[in-house]
Amino acid sequence: MEDKAFEVGTRSEKTCQRDPLFIHYVLNRFTNSAPTALEGGSQRAIRGTRRRMTDDANPPSLLMQMCDGLCLHEVCLLRLDKQQGSEAGKMDIGRLGDKPCGKLGLCFAAEMMLKTLLITSLLSWVNCLENQSMTPEEKTNIRNQILEMFDHAYGSYMKYAYPADELMPLSCKGRVRGEEPNRGDIDDSLGKFSLTLIDTLDTLVVLNKLDEFEDAVRKAVRDVRLDNDVVVSVFETNIRVLGGLLGGHVMADLLRQRGERMQWYRDELLHMAVELGHRLLPAFNTSSGLPYPKVNLRYGILNPLSRTGTESDTCTACAGTMILEFAALSRLSGESVFEEHARKALDVLWERRQRGSDLVGTVINIHNGEWVRKDSGVGAGIDSYYEYLMKAYILLGDNTFLQRFNIHYSAIMKFISQPPLLLNVHMHNPTVSVRSWMDSLLAFFPGLQVLTGDLKPAIETHEMLYQVTKQHKFLPEAFTTEFRVHWGQHLLRPEFAESTYYLYKATGDPYYLRVGQSIVEKLNAFARVPCGFAAVQDVRTGTHEDRMDSFFLAEMFKYLYLLFSEKSQLPINIDDYIFTTEAHLLPVSLSTTQASVQTNVTEDAAVAHHEDLFTHSCPSTETLFPNNPSFAKTIRDGYKYLTGVGRAFTPLPIREIELPLHDNGMEPWNQEFLRSMGISLTPLNDITLGEPSGPKQHKGVFRVKLVAEVSQSPEEELVVPHVVQLISPPFLGRTVLTAGPAKFGMDLTKQEHGVKGTIVKASPYTACGPIENAAKVKGRIALALRGDCMFAVKARWLQQAGASGVIFIGKGYDHRKGSNSEETPLFQMVGDGDSTEDITLPLVFLFNREGSVLTAALEEHHNVEVLLLPKERQLGKDKSEKPVSMNIKLRLREEGETEERAARGPTLELVLENKEVLLNEEGEEELSGKQESRQQQVCTQGRTEPCSTDSLQSMNSKTGSVTNP
């Protein structure tokens, strides 16, 4: 296609709707044109230079040349020893000829310098590799590796699990609902309809496994039943099963039309999709038009046998992620009822947006349309609602969806986007972040931004996510704004791979191939098990969880394979399709199939919105990449060391300040106490001030050196361990169960004696609704099972019932044995996004194994009394000696004040002489006269940075007792 086809300009809606290029208008544009620009002479020169650096100036030889000539003041030589054996690069700190290395401080500095040079060079070498082009042979090898991994995962499912819904890769068996311990809402994805098989159908075609695809279609048609008496998630069943059936049908129909395969196929998958669609329709029988979150496949909603229909809330994504599958089903089958219901649900969500901010909440009441959770973001609970607005415009050609998306997107970039972060805010007060952590589901958003044409923030957020994966191997399910683990689970989610694919197709930057390669390597290294790939229970420990969700096969391998494949290597033209949120393929040609439904009613002139350059156009490479082949790299480099991983080694900075101190009978233990705080005292008697008359004696006067080391942030957020201590007979305090605290409710660390009470099980045990045994719960500590709703929701119901405290107990999700505090790091329970100030109960969490001990004790003894308190205060524990503390006061001596004045009691007063305060600020020497050389020596001894007044501020933050004079 000629370059002029990519010129910026408004294209007719009809053209954009029907042109397959428009589906991935950014992707196709850069796939076709950007590589030509990026392969220009300047880029080749850059790559050639990188290759020469890598081949000819590798770190060992480079350092050898540098260190052979390194001499510090003719005192020390630090060199690479080429004499001792064959260990190239072995370091030798020693002699210059026969001159001894006389000053260890200089040698130490030289050693640090060489270490820094070595590591910096190695990191530069790695970065060169990371940005280097990938040869066709490399891409082929990685693509073959992905195929082998897929065969291992899919083959294990078919061998050990089929026809079950999912594979349990540690147990090497299938997960059948009702036969395994209930996992709460997680199991609502399972409907006894061979979920993984259906979810994987179109992946088999993309990976060119056409024989396996035909065999899988035969199995689905022959074995899968959709009328099972089981309650399933409407959202999950729609995107995984209905989407899987539609994607499978589209692929089967394409192969049949080619005349080579599937000649026996008679639209059986489409017929199954229509049947499933009708079984989902009862969920839309609400007064608002928003669907119920769950439905019984056999009995629907209202039937007495349905065991559902009592729910009142649903998530925004759950209601707003139906339009692609339901509209495709309507246009393929000719039954408009599906698209009508999906459009109605989107209308309600749009009407209920907050008009001031144009944001939506996370959970909404399906009957009255009121928001239940008002936090707004782009992650869990909302994510695919935004995705489907953009993609519905591409698939269906209805300008309403694009208009709504653009208005929402402007609000997102104004309030939620804080590059590279995406933080949840309150929809009614969007200038305030409601939580300090992000969830891994937002990793899809850079890919959506690529489709939107907004590449800069997409590159920024993707790079932040990549740095998090470097730090933790995988994206944790949730991580803080300081990139610490908030929730360590990793379910092999594909969203990061999805955004990597989109960014590579948009930019042609080989960097993203290297990112994809790292995903492949980490999956093989840390998730592969003999019977497939297992989710990671906690990225900090690397322990596995006995689950392999169907989306791993449906999405992860699809995006990874496409990332390393050229168009000519695929059995289909991928540009003719749009990806659903589950990566199922729907043909963009559906936009030419007119539906017999009315368009959405909210398209009107009352909504004013500024339309930028990209609103209705296919922007050119010149607009997004203004003659700058390093566009993406320039953006990424600002976030390269965001988490601290990969940064060249440098000694931690030490801040110092030296002040004169007059001793008025200081005790030795005072000096020890100061030294433990990083404050060293040096008698001026021992210091030569360099005056012509010789050393000046200052009896009883000390020079105070305050030293504060700036340490890196700890890996994990501090969690104060709590305990549940059984104190009634026969336990008498000997049984102590480690528990996790909550970030809301009563602060047990401020309760001197903890909270004591008799325990009782709540009914219902999940405590997600009105408490049926409120009379028994009143005045007692309630036990509640984790799952089905938020911790805060459970706490409110139990508080309303009169409970005096709550112990949440984890479910037995894990393989063979329950989770426990010894193998799983403690975490702090968080609220539901809204204010939790109304919750005043003490709350703790027990993992499954500890919870089983407590419930077993209750079943055996019936009357069990426990004590909830921080672990360090448990009864019977030896109390450690309280550390000595002291207040330190700094002040300037007042004019005319005598030296006899001194602080009394536990306060050490440092009195400073105005004329003797010697500071060195920001590396600029402020010492004057004859004191300068010696003072500088004192200041810098044993360190690599000059003195700074920052040390005083550092001490303030660390001790809380030093005040700035």
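Presented here is a report on the structure given in the accompanying data block. (Residues numbered from 1 in each chain as written. Predicted model: local features only at pLDDT ≥ 70, side-chain atom pairs only at ≥ 80, totals over all residues. Heavy atoms only, no water.)

**Structural notes on the overall build of the protein chain**
Step number 1: A tally of regular secondary structure across the protein chain gives 29 helices and 35 strands.
Step number 2: Evaluated residue by residue, the protein chain yields a buried proportion of 56% over its 965 residues.
Step number 3: Total accessible area on the protein chain is roughly 41200 Å²; 50% of this is exposed by carbon and sulfur atoms. (Helix = DSSP H or I, 4+ residues; strand = E, 2+ residues; numbered from the N terminus. Buried < 20%, exposed > 50% of the residue type's maximum accessible area, 1.4 Å probe, protein only. Areas by Shrake-Rupley, 256 points an atom, 1.4 Å probe, with all protein chains shown as cover.)

**Some remarks on the state of the cysteines**
Step number 1: Following the criterion strictly, the structure yields 3 disulfides and no others.
Step number 2: Across the disulfide from Cys 172 sits Cys 531; the S-S distance is 1.9 Å. Residues Cys 172 and Cys 531 are joined through a disulfide that is right-handed, its torsion about the S-S bond being 90°. Highlighted residues: Cys 172 in the loop between strand S3 (166-168) and strand S4 (173-175) and Cys 531 in the loop between strand S18 (528-529) and strand S19 (532-533), separated in sequence by 359 residues.
Step number 3: Judged by its relative accessible area of 29%, Cys 172 falls in the partly exposed class.
Step number 4: What makes Cys 531 buried here is its relative accessible area of 4%.
Step number 5: What pairs with Cys 315 in a disulfide is Cys 318, and their sulfur atoms sit 2.1 Å apart. Where Cys 315 bonds to Cys 318 through sulfur, the torsion about that S-S bond is close to 90°, and the disulfide is right-handed. (Disulfide = S-S within 2.5 Å.)

**Looking at the sheet that holds strand S16 (residues 478-480)**
Step number 1: If you walk across this open sheet you meet the 3 strands as S15-S16-S17, and the pairing is antiparallel. Each of the sheet's edge strands pairs with one partner strand only, and the pair in question is strand S15 (437-439) and strand S17 (485-487). For this sheet, the mean angle separating the axes of adjacent strands, direction not counted, is 30°.
Step number 2: Strand direction decides the pairing type here: S16 and S17, joined by 2 bridges, are antiparallel. Each bridged residue has a counterpart across the sheet, and for Ala 478 the counterpart in S17 is Trp 487. (Pairing = 2+ DSSP bridges. Axes fitted to C-alpha atoms, helices over the stretch in contact; angles between N-to-C directions.)

**A word on the sheet that holds strand S7 (residues 313-315)**
Step number 1: Reading across the sheet, the 3 strands line up as S7-S8-S9 and stay open at both edges, with antiparallel pairing between neighbours. The open sheet is flanked by S7 and strand S9 (371-373), the only strands paired with a single partner. Taking each pair of neighbouring strands and ignoring which way they run, the sheet shows an average axis angle of 35°.
Step number 2: Inspection of the sheet shows strand S8 (residues 363-365) paired to S9 by 2 bridges, in the antiparallel sense. Note that in S9 the partner of Val 363 across the bridge is Arg 373.

**Some details on the packing of aromatic side chains**
Step number 1: Taken as a whole, this structure holds 24 aromatic pairs when the rule is applied.
Step number 2: Taking the centre distance of 5.5 Å and the plane angle of 10° together, the rings of Phe 150 and Tyr 154 count as stacked. Taken together, the residues span about one helical turn, with Phe 150 and Tyr 154 both in helix H6 (residues 136-161) at a distance of 4 residues. One exposure class covers both Phe 150 and Tyr 154, and it is buried.
Step number 3: Considering the side-chain rings of Phe 533 and Phe 552, the 5.4 Å spacing of their centres and the 55° angle between planes classify their relative orientation as tilted. (Phe/Tyr/Trp six-rings, centres within 6.5 Å; stacked < 30°, edge-to-face > 60°.)

**Some words on unusual backbone geometry**
Step number 1: For the peptide bond that leads from Tyr 162 to Pro 163, omega is 10°, which places it in the cis range.
Step number 2: Mapped onto the secondary structure, Pro 163 falls in the loop between H6 and S3.
Step number 3: In this structure, the amide linkage connecting Pro 419 to the following residue, Pro 420, adopts the cis form with an omega of 5°.
Step number 4: Residue placement: Pro 420 occurs in the loop between strand S11 (417-418) and strand S12 (421-422).
Step number 5: The phi dihedral of Phe 483 is positive, around 70°, even though this residue is not glycine.
Step number 6: Following the sequence through the fold, Phe 483 ends up in the loop between S16 and S17.

**Some words on the pattern of salt bridges**
Step number 1: According to the stated counting rule, one finds 42 salt bridges in the structure shown.
Step number 2: One salt bridge connects Asp 375 with Arg 373, and the closest N-O pair in it is separated by 3.0 Å. Like Asp 375, the residue Arg 373 is buried in the burial classification.
Step number 3: Look at the salt bridges and you will find they share partners, linking Glu 166, Arg 183, Asp 187, Glu 236 and Arg 240 into a network. (Salt bridge = Lys/Arg side-chain N within 4 Å of Asp/Glu carboxyl O.)

**Examining the packing of helix H19 (residues 495-507) against helix H20 (residues 511-526)**
Step number 1: Look at H19 against H20: their axes get within 9 Å of each other, and the N-to-C directions meet at 160°. For the element pair H19 / H20, the angle class is roughly antiparallel. Considering the relative orientation of H19 and H20, their crossing is left-handed. Listed contacts from H20 to Phe 496, Ala 497, Thr 500, Leu 503, Tyr 504 and Thr 507 of H19 are Tyr 512, Leu 513, Val 515, Gly 516 and Ile 519. (Parallel < 35°, antiparallel > 145°, perpendicular 65-115°, else oblique. Left-handed = near helix turned anticlockwise from the far one by under 90°. Contact = heavy atoms within 4.5 Å.)

**Considerations on the nonpolar core**
Step number 1: Of all hydrophobic cores here, the largest spans 171 residues; its most connected members are Phe 213, Ile 323, Leu 523 and Phe 533.
Step number 2: With 11 residues, helix H10 (residues 234-258) is the largest single contributor of residues to this core.
Step number 3: If you look at the next biggest cluster of nonpolar residues, it comprises 26 residues, including Leu 798, Val 806, Leu 841 and Leu 843. (Core = buried A, V, L, I, M, F, W, Y, C linked by side-chain atoms within 4.5 Å.)

**Some details on the packing of helix H15 (residues 383-396) against helix H17 (residues 445-452)**
Step number 1: Put simply, H15 and H17 touch, their axes get as near as 11 Å, and they point 25° apart. Taken together, the axes of H15 and H17 lie roughly parallel to each other. The way H15 lies across H17 gives a crossing that is left-handed. Contacts from Tyr 386, Glu 387, Met 390 and Lys 391 in H15 reach Leu 448, Leu 451 and Thr 452 in H17.
Step number 2: In terms of residue class, the contact of H15 with H17 is made up of 4 nonpolar, 1 polar and 2 charged. (Nonpolar A, V, L, I, M, F, W, Y, C, P; charged D, E, K, R; others polar.)

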